[in-house]
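# Examination of the molecular architecture
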Amino acid sequence: MSHTNISPETQMLGYGYKPELSEGAVKCPIFQTSTFVFKNAEAGKAFFEMAHGKPGHDGEEMGLIYSRINNPDMEILEERLKLWDGGEMAAAFSSGMSAITTTLMTFLSPGDVLLYSNPLYGGTHKLIHHILTNFGIEVVGFRANQDLKEVEQMLLETGHAKRLKMIFVETPANPTNDIIDIEMCRKIADKYSTADNKVLVTVDNTYMGPLWQHPLKLGADIVLYSATKYIGGHSDVIAGAAVGSKELVGSIKKTRTFFGTMIDPHTSWLLMRSLETLKVRMEAAALNAEKVADYLLHHPKVEKVYYLGYTAVNKPEQSEIFNKQYLSNGAMLSFDIAGGEHEAFAFLNNLKHIKLAVSLGSTESLAEHPASMTHSDVPYEEKQELNITDKMVRISVGIENYKDLIWDIEQALEKVQVHEMAV
Ligand SMILES: *Cc1c(COP(=O)(O)O)cnc(C)c1O
């Protein structure tokens, strides 16, 4: 019986690893080494030629050289990472930010235009506005509620629409769960692509990937991750990844070699371990999030719940995009507490189990205050327009027993004295 379509969750247990190369060890060992011994000088010469892009002689395979270029843990991790998104190749990085930086610096040149969705992860926003602009890259932000015509209009207003090089999106947006239509981005990219300038669509898939949103299948060229979040999943590593075609990820890997932004062997090993439980962790967290969201929805001290499962009610105009783009409601939610910062802080300070911390996608639930923490850098007016107000609390729901989470939220909300009840 042939069985060709093996699921990624099954592949995570062994794909890409050959026990016979490691004394029969069931698990891939940690190759904690900076450099590798060549069999002879000729082999060393051949490996370097191949590293610089020459084809190997007589089917000769590329060998291990130096851990900034290649390392077994990094390579096997990459073999596994690409499977979830159906990419041809993956590249692993020392952080989500190094994956983003290395990718953007690979494809953008002075004079190019970068179109991006707002709001973005704070680090990415800083990189785009304070570093890329120093290199002469023009940046233009658009919002989830803008349609194709409006986005194109913004692009045309730059006067350099012909220099559009990349559309960078983060969907759903953090912390409001607004959705960006990836297919719409593809349409704009195709319209401004020419024979010698393909406009790339890059998606930061940290929030919903790699399980619940597959951007490559919706027309994206490159998918990026902070593997610190769901992929790592235990709040104990910082790492990142890029997935896409051999051609594009191959180019990103070349830049990575010279930026030195690759992942290290030990972190690669930890991520391989994390990947084995990725699906069960994410599914457990999503089930919990549904229970928590429903509880919050009916609480008198809660004004509004921002949860993908409520898209049809909160933002009916985004329902169609939601249905074609997502396989789950995810495990991230935010809510507006009746009151303001004082009430939001009282809630956070009274949590007994849920940790008061930024980051997301871990086994334990984390809560934070976007307006003063993750999004403190966003200008005040922009925060208001994006609904990131002082009364908003964000929760990354973990895999605890949901009854304990609800108990914790209930007791913390009980202690909140609402000073400025809505009139
Ligand atoms: C955390 C995060 C990043 C940055 O990743 P690091 O691993 O912290 O460098 C980028 N994008 C999103 C959406 C994130 O949540």
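Our subject is the structure that appears above.
Before going into details, it helps to say that this report is about the structure given with it.

So, how was this worked out
Residues numbered from 1 in each chain as written. Predicted model: local features only at pLDDT ≥ 70, side-chain atom pairs only at ≥ 80, totals over all residues. Heavy atoms only, no water. Helix = DSSP H or I, 4+ residues; strand = E, 2+ residues; numbered from the N terminus. Polar contact = N/O pair within 3.5 Å; in protein donor to acceptor, adjacent residues only side chain to side chain. Contact = heavy atoms within 4.5 Å. Buried < 20%, exposed > 50% of the residue type's maximum accessible area, 1.4 Å probe, protein only. Near = heavy atom within 4 Å. Areas by Shrake-Rupley, 256 points an atom, 1.4 Å probe, with all protein chains shown as cover. Nonpolar A, V, L, I, M, F, W, Y, C, P; charged D, E, K, R; others polar.

As a further point, take unusual backbone geometry. Asn118 connects to Pro119 through a cis peptide bond whose omega is 0°. As for its placement among the helices and strands, Pro119 is situated in the loop between β2 (113-118) and α5 (122-131). For the bond running from Gly209 to Pro210, omega is 0°, close enough to zero to count as cis. Along the chain, Pro210 turns up in the loop between β5 (200-204) and β6 (222-226). For Asn177, which is not glycine, the phi torsion reads 60° and is therefore positive. Following the sequence through the fold, Asn177 ends up in the loop between β4 (164-170) and α7 (182-191).

A few words on the side chain of Gln325. By the element assignment, Gln325 lies in helix α12 (residues 319-325). There is a polar contact of 3.2 Å between the side chain of Gln325 and the side chain of Gln213. Those residues in contact with Gln325 that sit more than four places away from it in its chain are Thr171, Ile179, Ile180, Asp181, Ile182, Trp212, Gln213 and Leu218.

Tracing the sequence through the fold places His375 in the loop between β11 (366-368) and α14 (380-385). Among the residues examined, His375 registers a relative accessible area of 3% and is labelled buried. The contact partners of His375, leaving out residues within four places of it in the chain, are Asn174, Pro175, Pro370, Lys383 and Ile388.

What follows concerns the site of the ligand. The environment of the ligand is formed by 13 residues, the closest being Met97, Asp204, Ser226, Thr228 and Lys229. The side chain of Ser226 places a nitrogen or oxygen atom 2.8 Å from an oxygen atom of the ligand. Against a free-state accessible area of 370 Å², the protein chains account for coverage of 93% of the ligand. The greatest single-element share of the shell around the ligand, amounting to three residues, is contributed by helix α4 (residues 96-107). The class makeup of the residues in the shell around the ligand is five nonpolar, five polar and three charged.

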